[in-house]
Amino acid sequence: MKKLIALAAACALLPLAATAQLYKYVDKDGKTVYSDQPPPNVDSKQLNVGTGTTKDSAAAPKTAVERDKELQKVRDEDKEKAKKAEDAAKLAAQKEAACQQAKSNYQVYADGGRITKYDDKGERVYLGDDEILAEQQRAKREMDEACKSS
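Residues numbered from 1 in each chain as written. Predicted model: local features only at pLDDT ≥ 70, side-chain atom pairs only at ≥ 80, totals over all residues. Heavy atoms only, no water.

A. Representation of the overall build of the protein. Secondary structure summary: the protein contains 3 helices and 5 strands in total. Listing the helices and strands of the protein from first to last along the sequence gives α-β-β-β-α-β-β-α. Expressed as a percentage of its 150 residues, the buried residues of the protein come to 9%. Long-range pairs, those at least 24 residues apart, make up 33% of the contacts in the protein between residues at least 6 apart in sequence. Of the roughly 13,100 Å² of accessible surface on the protein, a fraction of 54% belongs to carbon and sulfur atoms. (Helix = DSSP H or I, 4+ residues; strand = E, 2+ residues; numbered from the N terminus. Buried < 20%, exposed > 50% of the residue type's maximum accessible area, 1.4 Å probe, protein only. Contact = heavy atoms within 4.5 Å. Areas by Shrake-Rupley, 256 points an atom, 1.4 Å probe, with all protein chains shown as cover.)

B. Focus on helix H3 (residues 129-147). In this model, H3 (19 residues) spans 26 Å end to end at C-alpha, consistent with the 27 Å of a helix rising 1.5 Å per residue. Burial in H3 covers these residues: Ile132, Gln136, Ala139 and Met143. Across the axial projection of H3, the buried residues extend over an arc of 70 degrees, all falling on one side. Opposite its buried face, H3 presents the exposed residues Asp130 and Arg141, each directed more than 90 degrees away. Taken together, the buried residues of H3 touch helix H2 (64-111). (Expected span 1.5 Å × (residues − 1). Arc of directions from axis to C-beta.)

C. Summary view of the state of the cysteines. A full pass over the atoms with the stated rule returns 1 disulfide. One disulfide in the model links Cys99 with Cys147; its S-S distance is 1.8 Å. Because the sign of the S-S torsion sets the handedness, a value of about 110 degrees for the bond joining Cys99 and Cys147 places this disulfide among the right-handed ones. Linking Cys99 in helix H2 with Cys147 in helix H3, this pair joins segments that are 48 residues apart in sequence. (Disulfide = S-S within 2.5 Å.)

D. Structural detail: the packing of aromatic side chains. Using the criterion set out here, one finds 0 aromatic pairs in the structure. The lysine or arginine in question, Arg114, covers the ring of Tyr126, its NZ or CZ lying 4.1 Å from the ring centre. (Phe/Tyr/Trp six-rings, centres within 6.5 Å; stacked < 30°, edge-to-face > 60°. Lys NZ or Arg CZ within 6 Å of the ring centre and 35° of its normal.)

E. How the structure looks around H2. Under the 1.5 Å per step criterion, the end-to-end length of H2 is 70 Å for 48 residues, consistent within 8% with the ideal 70 Å. For H2, the elements touching its buried residues are H3. A positive backbone phi angle near 80 degrees is found at Gly112, which sits one or two residues after H2.

F. Structural view of the nonpolar core. Ala102, Tyr106, Tyr109, Ile115, Leu127, Ile132, Ala139 and Met143 form the largest nonpolar core, which has 8 residues in total. Those elements giving two or more residues to this core turn out to be H2 and H3. (Core = buried A, V, L, I, M, F, W, Y, C linked by side-chain atoms within 4.5 Å.)

G. Region of the structure containing the pattern of salt bridges. Tallied over the full model, the rule gives 7 salt bridges. The partner of Lys83 in a salt bridge is Asp87, with the nearest N and O atoms 3.5 Å apart. Of this pair, Lys83 and Asp87 both sit in helix H2, separated by 4 residues, roughly a single helical turn. We classify Asp87 as partly exposed; its relative accessible area is 38%. For Arg138, the salt bridge goes to Glu142, with nearest N and O atoms at 2.6 Å. Here Glu142 and Arg138 lie together in helix H3, a separation of 4 residues that amounts to about one turn. When its relative accessible area of 29% is taken as the criterion, Arg138 is described as partly exposed. Note on Glu142: relative accessible area 38%, which makes it partly exposed. One network of salt bridges, in which partners are shared, links Glu135, Arg138 and Glu142. (Salt bridge = Lys/Arg side-chain N within 4 Å of Asp/Glu carboxyl O.)

In structure tokens:
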């Protein structure tokens, strides 16, 4: 228990030691001595020793509100980046789907065979060779447009 009290007292006095003044002087043997108390009857120089912290407002530690604002700003930026990436991924998926559909449409005309369409009356009519060729060329242009790389 005494050790615990001594440790607590040492920890409590530690900040006081960090702010103590330091004195430098030369003793009678010519040696330079550093002490926390000024020597009697000797010319000594008081040294200002920093504790590693400054009292400038520019270097002052940030308040919790300032730190929270900075963290929120970073979170908002990350959220915006994620939204942009998600939008870009959706757009790429839509372009890929449109390309696949255009390729499929073109393949129908490229394979040939008997191709039908519905007229204004809702009846099925067969396309002639010229109509198939025209539709194939149209489908090719649509496929090239939909599948071009940006």
